[in-house]
Amino acid sequence: MLTVLPDGAQDVATGSCPRLTAPDEPCREAVEGLARQLEVAGVGFSQLELAGIGRWRIDRSMGQGRLGGRVALITGAAQGFGREIAVQLAGLGCRVVLADVNLAGAQAAAEALNASHGDGWALAVAVDVASPESFDEALGAVLDQFGGVDLLVSNAGVVRAGSVTDLTPEDFDLVTRVNYRGYFVAVRALAPVMAAQHAGAAAVGVPRWFDVIEVNSKSGLTGSRRNSAYAGSKFGGIGLTQSFALELVDQGIKVNAVCPGNYLDGPLWTDPERGLLRQYLAAGKVPGATTVDDVRRHYERQVPMGRGCLPVDVVRAICYCVEQAYETGQAIPVTGGQTMLN
């Protein structure tokens, strides 16, 4: 988002000092076009001077913060980890796109962010992550508003727990469709956009990286008892992450995964109907547990640091992936020590 304002400085072509109070629209379009190219390329600037047009001030107030000036698209952003990631990335200076099949929830979150940060900071789009057509349609709206995407956070996910003999093929397919296929579809849609932005940045002499980050799970690093569909989809996600990283690095795209521990306070766990605390109790996943509180305490005891993972823990790992220019293809645990790499 740019606001281009005419300045009274000297015109480099004519030597005059025009005071443009009602700027000519073709002039504005030329300045905005150049400003957007430079912004995509990551070039810092506060004013532009064009021959025959004059000097223009650029209001880029939305670009402040640790990740300022970036556009982040987060899938599964209507609730839980996704919504909190969007909120925290917005606080770090990102303009955010909240993509979710639950459009009403995404819109409510986007409206709250726009009320806090300013109009145009956040955009909600309806996306079925497993549908290429749905993603392509949503991406058109994203590009119309923001002009590009710098960071994809592939967060959308579902869980259906149960033993291999009890889990239905339909539930297995649902988990695979959202968690595994959905990640592929998201990268398939966004990678060409990021590659084009990278090429544009290189063309003006300022090459830069773009980022894909999958919100994976500790279940993508080690098997999960009576939770094979979810663990299998997450193991597959790490395979995709490594493969995408090898393929897309030449196009200026880093691909990494962050692997959170259990977000015990999030709706994925606490929902009274389909939450994991309820599912795991029903599935007998925790021997001896008779209440959801028993299940929660069991999982807290598994963590050396004694608590569940929080959104801020995940966002810190996301920031590392974005800011570290020398890392791709990694799966980074965020588990409080519950899962440690060899």
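Residues numbered from 1 in each chain as written. Predicted model: local features only at pLDDT ≥ 70, side-chain atom pairs only at ≥ 80, totals over all residues. Heavy atoms only, no water.

Another aspect to go through is the overall build of the chain. Helix and strand counts for the chain stand at 10 helices and 10 strands. Within the chain, the proportion of its 342 residues that are buried is 49%. Taking contacts inside the chain between residues at least 6 apart in sequence as the whole, the part at least 24 apart equals 68%. Summing over all exposed atoms, the chain offers an accessible surface of approximately 15500 Å²; the carbon and sulfur share of this is 52%. (Helix = DSSP H or I, 4+ residues; strand = E, 2+ residues; numbered from the N terminus. Buried < 20%, exposed > 50% of the residue type's maximum accessible area, 1.4 Å probe, protein only. Contact = heavy atoms within 4.5 Å. Areas by Shrake-Rupley, 256 points an atom, 1.4 Å probe, with all protein chains shown as cover.)

Here Thr 75 shows up in strand β4 (residues 71-75). In this structure the side chain of Thr 75 is engaged in a polar contact, spanning 3.0 Å, whose partner is the backbone nitrogen of Ala 156. Residues within four places of Thr 75 in sequence aside, it is in contact with Ala 99, Val 129, Phe 135, Leu 152, Val 153, Ser 154, Asn 155 and Ala 156. (Polar contact = N/O pair within 3.5 Å; in protein donor to acceptor, adjacent residues only side chain to side chain.)

For the rest of this paragraph, the subject is the sheet that holds strand β6 (residues 122-126). Taken together, seven strands build an open sheet; the order of strands is β6-β5-β4-β7-β8-β9-β10 and the sheet is parallel. The open sheet has two edge strands with one neighbour each: β6 and β10 (331-334). Direction aside, the axes of adjacent strands within the sheet are offset by 20° on average. Where helix α5 (residues 169-203) meets the sheet, it contacts β7 (151-154), β8 (210-215) and β9 (253-260), and its direction lies at approximately 170° from that of β8. (Pairing = 2+ DSSP bridges. Axes fitted to C-alpha atoms, helices over the stretch in contact; angles between N-to-C directions.)

To continue, consider helix α4 (residues 132-146). In this model α4 runs 20 Å from its N-terminal to its C-terminal C-alpha over 15 residues, within 8% of the 21 Å that 1.5 Å per residue would give. For α4, the elements touching its buried residues are β4, β5 (95-100), β6 and α5. Taken from the residues just after α4, Gly 147 is the one with a positive phi, measuring 80°. (Expected span 1.5 Å × (residues − 1).)

This part is about the nonpolar core. By size, the foremost hydrophobic cluster in this structure holds 35 residues, and its most contacted members are Ile 74, Ile 85, Leu 89, Val 96, Leu 98 and Ile 318. Every element with two or more residues in this core is listed here: β4, α2 (80-91), β5, α3 (103-117), β6, β7, β8 and α10 (311-323). No other element matches the seven residues that α10 contributes to this core. Beyond its immediate stretch of four places on either side in the chain, Leu 98 contacts Ile 74, Ala 77, Ala 86, Ala 106, Ala 109, Ala 110, Leu 113, Ala 122, Leu 123, Ala 124 and Val 125. (Core = buried A, V, L, I, M, F, W, Y, C linked by side-chain atoms within 4.5 Å.)

Another point: the packing of α5 against helix α6 (residues 228-248). Contact pair α5 / α6: the axes reach a minimum separation of 8 Å and the direction vectors enclose 15°. What the angle tells us is that α5 and α6 run roughly parallel. Seen along the crossing, α5 lies across α6 with a hand that is right-handed. Contacts between α5 and α6 involve Phe 172, Val 175, Asn 179, Tyr 180, Tyr 183, Phe 184, Val 187 and Ala 191 from the former and Ala 229, Tyr 230, Ser 233, Lys 234, Gly 236, Gly 237, Leu 240, Thr 241, Phe 244 and Leu 248 from the latter. (Parallel < 35°, antiparallel > 145°, perpendicular 65-115°, else oblique. Left-handed = near helix turned anticlockwise from the far one by under 90°.)

Structurally, Asn 155 can be placed in the loop between β7 and α5. A polar atom in the side chain of Asn 155 sits 3.1 Å from the backbone oxygen of Gly 76. Look past the residues within four positions of Asn 155 in its chain and what remains in contact with it is Ile 74, Thr 75, Gly 76, Phe 81, Gly 82, Ile 85 and Val 215.

Counted according to the given criterion, the structure contains nine salt bridges. Measuring nitrogen to oxygen at the nearest pair gives 2.7 Å for the salt bridge that ties Glu 323 to Arg 66. Of the two residues, Glu 323 is situated in helix α10 and Arg 66 in the loop between β3 (54-59) and β4; the sequence distance between them amounts to 257 residues. Owing to a relative accessible area of 40%, Glu 323 belongs among the partly exposed residues under this scheme. On the basis of relative accessible area, Arg 66 is assigned to the partly exposed category, the value being 48%. A cluster of three or more residues bridged by salt bridges with shared partners is formed by Asp 265, Arg 296 and Glu 300. (Salt bridge = Lys/Arg side-chain N within 4 Å of Asp/Glu carboxyl O.)

We now examine the packing of α2 against α3. Contact geometry for α2 and α3: axes closest at 11 Å, N-to-C directions at 20°. By the angle class used here, α2 and α3 are roughly parallel. In terms of crossing hand, the pair formed by α2 and α3 is right-handed. Residues Arg 83, Ala 86, Val 87, Ala 90 and Gly 91 of α2 form the contact with α3, whose participating residues are Gly 105, Ala 108, Ala 109, Leu 113 and His 117.

This part covers the pairing of β8. Consecutive side chains along a regular strand alternate between the two faces of the sheet. The buried fraction of β8 is high, at six of six residues. Here four bridges tie β7 to β8, and the two strands are oriented parallel to one another. Bridge assignment links Leu 152 to a residue of β8, and that residue is Val 212. Assessed by its sense of winding, the connection that carries the chain from β7 through α5 to β8 is right-handed. Pairing analysis gives six bridges linking β8 to β9, with the strands arranged parallel. Bridge pairing in β9 places Ile 213 opposite Asn 256. Since β8 and β9 lie parallel, the crossover through α6 that links them has a hand, and here it is right-handed. (Right-handed = clockwise from strand over helix to strand, strands pointing away.)

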